[in-house]
Amino acid sequence: MADTETTGAEIVVRCLQAEGVEFVFGYPGGAVLNIYDEIYKQDRFKHVLVRHEQAAVHAADAYARATGRVGVALVTSGPGATNAITGIATAYMDSIPLVVLTGQVPTAAIGMDAFQEVDTVGISRPCVKHNFLVKDVRELASTIKKAFYIAATGRPGPVVVDIPKDVTQHSCPFEYPAEIRLRSYNPTFKGHAGQIKRAVQMLLEAKRPMIYTGGGVVQGDAAEQVTELTRLLGYPVTSTLMGLGGYPAPDPLFLGMLGMHGTFEANMAMQHCDVLLAVGARFDDRVIGNPKHFAKEARRIIHIDVDPSSISKRVKVDVPIVGDVAHVLEEIIRQLKAGSDRPDQAALKAWWAQIELWRSQDCLKYDRSAEVIKPQYVIEKLYEVTGGEAYVTSDVGQHQMWAAQYYPFKKPRRWINSGGLGTMGVGLPYAMGVQLAFPDAMVACVTGEGSIQMNIQELSTCQQENLPIKIILLNNRYLGMVRQWQEFFYEERYAESYVDALPDFVKLAEAYGHVGMTIEKPADVEPALRDAFGKYKDRLVFLNFVTDPRENVYPMIPAGKGLSEMILV
């Protein structure tokens, strides 16, 4: 409903309120001061002041991953916008719904090389789902409504709304649309009935079936349907890095994560199955390795995805189904229950016997030590101390893979990491976004001494917001994954992978007002974790675990190789 004249800045705030936004993560600057002034006057949502714009977008991203709602970030023009780009690209690669509001120089100054001007629309275009430059205050409310709608529907993604400063000063009547319809944007929700029927028949005909799940299961809130379907059929199931938690990892039907650092049994079953059901996954290079190697084994593939461009992009499929993954799975389950046909139990029993042989390799075993801390041991103890109930955020590198391998996630949206872009520095701001969303939850940030320093200034934000995050630093004094590749493929020429001149992390944590610990002996790992989550439950605790610098992540598929060409030890 329209009312009296309202400034653009106030329109922005009222739009965010209408969307039920809880948190806006941001950093002020000249081009957005009008908006910040209006934020100051209201109390319906909270603004979280980060110490770097990249962290603002990462925190909003994590909020979205953990809650399923749209995350919101607000940054100024020029360097504020460019600092946000890494966060935007990270969200884009993992299909995370964000609305990023960027300030812009006044409309008359656009293109004139004005102070703190960049072409935000042009720069962000390759890594957003959509972006807008609002030049008329009368279009501001409808544009923000469109941004939230586009970000959250279909395949989710970040949307940038670039707002010139004079637009925030101009006035018009405020009217926020109740709904939005875009002629050129109509995501498919229901899957094709004929294709679903074909998929059901193909699943029942399988002798060596496999269910392959990805991040779309988590983002599409389809974990319940995946679990029901898997248990109904009794088929093996695997997950990508982004899909972990979409099926409860402790369940014996779950073969573990697949791909470059996936389990032997998951990769072998994926390679040798005869019918593959892919749900919300995209057959990327880190999952199937070399597509030519993957294609050597004949199999029929059913692929369910909300994004038609993801289907047959890298691997040709037999039954494409475009639609909301939860809805399509519900229809598959309904048809299976309604019909009288059942899977071939004799063939399924033989297939499981083969899988158990692969599983008996125990590919995640490692040499334990009483003298030096093994990083895998820290993650195992983290799982034990938290009862598997923590939200675990991660940076990128060896520590990320160990967290994925040794913390068996039982629920979706508990594993928060950068999969597609592989962004170092996300772990701490991710933990901030999750802890703000769930203030009473256990939140652990698993990181490395390289990654943590990329956004370590956010320890200040954590102090200001009283966030009791537990930082699990697996400190091996190397850029670990870089060092591992150099060991395997560069004849141990460790070019710039050794991290020299590390800070005293305990003193650094204390300087920001937090608790710091250094742990050097395996016997001290569990007591330190119990203190962190018990004695210091309400404090941020920085645990610096000094780990074996030569430990590698296994299994590993070398780049360009196939799923069955794993290095196991």
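Here the structure is shown first, and the text comes after it.
Residues numbered from 1 in each chain as written. Predicted model: local features only at pLDDT ≥ 70, side-chain atom pairs only at ≥ 80, totals over all residues. Heavy atoms only, no water.

Q: I'm lost on helix α2 (residues 33-40) in this one. Help?
A: Spacing of three or four residues puts side chains on the same side of an α-helix, whose turn is 3.6 residues. Every buried residue belonging to α2 is among Ile 35, Tyr 36, Glu 38 and Ile 39, and all of these are buried. Buried residues in α2, looked at end-on, bunch into an arc of 160°, giving them a common side. Buried residues belonging to α2 abut β1 (5-7), α1 (8-18), β2 (23-26), β3 (46-49), β4 (71-75) and α7 (165-169). (Buried < 20%, exposed > 50% of the residue type's maximum accessible area, 1.4 Å probe, protein only. Helix = DSSP H or I, 4+ residues; strand = E, 2+ residues; numbered from the N terminus. Arc of directions from axis to C-beta. Contact = heavy atoms within 4.5 Å.)

Q: Can you help me understand the layout of surface pockets in this one?
A: Rolled over the atoms, a probe as big as a water molecule pinpoints where empty space is left. Put simply, the second largest pocket is a space of about 490 Å³. Among the residues making up the lining of the second largest pocket, the classes are represented as nine nonpolar, seven polar and six charged. (1 Å grid on protein atoms, 1.4 Å probe; cavity = no way out; pocket = protein on both sides within 12 Å on 5 of 7 lines; lining within 4 Å. Points joined across faces, edges and corners; volume = space filled by probe spheres on them. Nonpolar A, V, L, I, M, F, W, Y, C, P; charged D, E, K, R; others polar.)

Q: Honestly, unusual backbone geometry in this entry has me stumped. Any pointers?
A: Most peptide bonds take the trans form, and the phi angle of most residues other than glycine is negative. For the bond running from Tyr 554 to Pro 555, omega is -10°, close enough to zero to count as cis. In this structure, Pro 555 sits in the segment after β20 (541-546). Despite not being glycine, Asp 113 has its phi angle at roughly 55°, a positive value. By the secondary structure assignment, Asp 113 is in the loop between β5 (98-104) and α5 (120-124). A positive phi is found at Glu 496, a non-glycine position, where the angle reads about 60°. For Glu 496, the position within the fold is in the loop between α20 (480-489) and α21 (505-511). Note on Glu 496: relative accessible area 74%, which makes it exposed.

Q: Just to check I follow, could you spell out the side chain of Lys 381 for this structure?
A: Position of Lys 381 relative to the elements: it lies in helix α16 (residues 375-386). Engagement of the side chain of Lys 381 in a polar contact is seen with the side chain of Glu 526, the distance being 3.0 Å. Every residue in contact with Lys 381, bar those within four places of it in the chain, is listed here: Val 525, Glu 526 and Leu 529. (Polar contact = N/O pair within 3.5 Å; in protein donor to acceptor, adjacent residues only side chain to side chain.)

Q: I tried to follow the sheet that holds strand β17 (residues 443-447) on my own but got confused; where do I start?
A: Within a sheet, adjacent strands bond to each other through the backbone by hydrogen bonds, running parallel or antiparallel. The strand order β16-β15-β17-β18-β20-β19 describes an open sheet built from six strands, whose pairing is parallel. The sheet is open, and its two edges are formed by β16 (415-416) and β19 (515-519), each paired on a single side. Here two bridges tie strand β15 (residues 391-394) to β16, and the two strands are oriented parallel to one another. What sits directly across from Thr 393, in β16, is Ile 416. Its contacts with the sheet put α16 on β17, β18 (470-475) and β20, and the angle it makes with β18 is roughly 160°. This element, helix α18 (residues 427-437), spans β15, β16, β17 and β18 of the sheet and lies at about 155° to β15. (Pairing = 2+ DSSP bridges. Axes fitted to C-alpha atoms, helices over the stretch in contact; angles between N-to-C directions.)

Q: Looking at this structure, how should I read the sheet that holds strand β12 (residues 275-279)?
A: Spatially, the six strands line up as an open sheet ordered β11-β10-β9-β12-β13-β14, and their pairing is parallel. The sheet terminates laterally at β11 (254-257) and β14 (319-322), the two strands that pair on one side only. The average angle at which neighbouring strand axes cross in this sheet is 15°, direction not considered. As defined by bridge partners, strand β13 (residues 300-305) adjoins β14 across four bridges and the pair is classed as parallel. What sits directly across from Ile 304, in β14, is Ile 321. In the packing of helix α14 (residues 325-338) onto the sheet, contacts are made with β12, β13 and β14, and the angle to β13 comes to roughly 130°.

Q: I'm lost on the nonpolar core in this one. Help?
A: It is characteristic of soluble globular proteins that their nonpolar side chains tend to be buried jointly. Counting residues in hydrophobic clusters, the biggest one holds 99 residues, and the most contacted among them are Phe 283, Ile 472 and Phe 545. If you tally residues by element for this core, the top one is α14, at seven residues. With residues up to four places along the chain from it excluded, the contact list for Ile 472 reads Val 378, Leu 382, Ala 444, Cys 445, Val 446, Thr 447, Leu 529, Leu 543 and Phe 545. Membership of the second largest hydrophobic core comes to 50 residues, among which are Val 48, Val 128, Phe 505 and Leu 540. (Core = buried A, V, L, I, M, F, W, Y, C linked by side-chain atoms within 4.5 Å.)

Honestly, that's just the spatial picture; any functional story needs more than this.
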